[in-house]
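# Survey of secondary and tertiary structure
The primary structure of each chain is shown beneath.
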Amino acid sequence: MDVTFCRYYAGDGTPPSNRYCRACPHAPVACDRLWRRVIELAASNNGEPVPLPGTRAVLFSHPKNPDFVGLSVNCRWGLSKEDFLHYISTGHAKMGRKGRRSDPVASPSMTRQEPYVQAIVALLGGMDIPEIEAVREVQKGGATVAFNE
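What you see is a predicted model; the values in this text were computed from it and never measured. (Residues numbered from 1 in each chain as written. Predicted model: local features only at pLDDT ≥ 70, side-chain atom pairs only at ≥ 80, totals over all residues. Heavy atoms only, no water.)

## Section: unusual backbone geometry
The peptide bond linking Pro 15 to Pro 16 adopts the cis configuration, its omega dihedral lying at 0°. Backbone geometry at Asn 46 places phi at a positive 50°, although glycine is not the residue there. A positive phi is found at Met 110, a non-glycine position, where the angle reads about 70°.

Encoded structure:
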């Protein structure tokens, strides 16, 4: 995990600090709005999973935890808020190896979330949508006001 992915990230990449985005006091500025779009996308197919283009995976709502959406190919797993936001900043969400949490291309959860995060971004409208631009500005430390609803 690249611990410099966001200027507000507080931690060293090990649990529980790798889950910092869930409690970040700066998340309402932009990150929560983007994550809400991901949750809405997961629920957008009338209760059915949403196929992710270019993959065999589907996206679905997580029934118990709003910090996750579900993914499934042959098995089910969760995409966490911090894995998605790490990808938005770094362009990486690869699997990590035990003892190598400092690998800058590994996702915070150390699970492989590529190419699924790319497909989600494509369904949202691409990397240039206002919500992603606002998140990147916050991650760099430039935004100090809330994203306009």
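And the narrative resumes.
## Thoughts on the side chain of Asp 67
Tracing the backbone shows Asp 67 in the loop between strand E2 (58-61) and strand E3 (68-72). One buried charged residue, Asp 67, forms no salt bridge at all, with the nearest opposite charge on Arg 22 at 4.6 Å. Those residues in contact with Asp 67, other than ones at most four positions away along the chain, are Arg 22, Trp 35, Leu 79, Ser 80 and Lys 81. (Helix = DSSP H or I, 4+ residues; strand = E, 2+ residues; numbered from the N terminus. Buried < 20%, exposed > 50% of the residue type's maximum accessible area, 1.4 Å probe, protein only. Lys, Arg positive; Asp, Glu negative; His and termini not counted. Salt bridge = Lys/Arg side-chain N within 4 Å of Asp/Glu carboxyl O. Contact = heavy atoms within 4.5 Å.)

## A closer look at the pattern of salt bridges
Evaluation of the coordinates by the stated rule reveals 6 salt bridges. Close ionic contact of Glu 82 with Arg 22 constitutes a salt bridge, the shortest N to O distance being 2.6 Å. Taken together, the positions of Glu 82 in helix H2 (residues 81-90) and Arg 22 in the segment before helix H1 (31-42) put the pair 60 residues apart, joining distant regions of the chain. On the accessibility criterion, Glu 82 (2% relative accessible area) is buried. Its relative accessible area of 28% is what places Arg 22 among the partly exposed residues. Measuring nitrogen to oxygen at the nearest pair gives 3.8 Å for the salt bridge that ties Glu 137 to Lys 140. With Glu 137 and Lys 140 both in helix H4 (residues 130-140) and 3 residues apart, the pair spans about one turn of that helix. Using a relative accessible area of 64% as the deciding quantity, one classes Lys 140 as exposed. Each of Arg 33, Arg 37 and Glu 131 takes part in one network of salt bridges that share partners.

## Digging into the pairing of E3
For E3, the tally of buried residues reaches 4 of 5 residues, placing the bulk of the element in the interior. Of the pairings in the sheet, the one linking E2 to E3 comprises 4 bridges and is antiparallel in character. Within the sheet, the bridge partner assigned to Val 58 lies in E3 and is Ser 72. Here E3 pairs with strand E4 (residues 76-80) via 5 bridges, running antiparallel. In the sheet register, Phe 68 faces E4, and the bridge partner there is Ser 80. Between E3 and the antiparallel strand that follows it, E4, lie 3 residues. (Pairing = 2+ DSSP bridges.)

## Things to note about the side chain of Gln 113
For Gln 113, the location among the structural elements is in the loop between H2 and helix H3 (116-124). Residue Gln 113 is classed as buried on the basis of its relative accessible area, which comes to 0%. With residues near it in sequence (within four places) discarded, Gln 113 still touches Leu 71, Trp 77, Gly 78, Leu 79, Asp 83, Ala 93 and Gln 118.

## Some details on the environment of Phe 84
Here Phe 84 is to be found in helix H2. The spacing of Phe 84 and Val 121 is 37 residues in sequence and 9.4 Å in space, taken between C-alpha atoms. Beyond its immediate stretch of four places on either side in the chain, Phe 84 contacts Leu 34, Trp 35, Val 38, Leu 79, Val 117, Ile 120, Val 121 and Leu 124.

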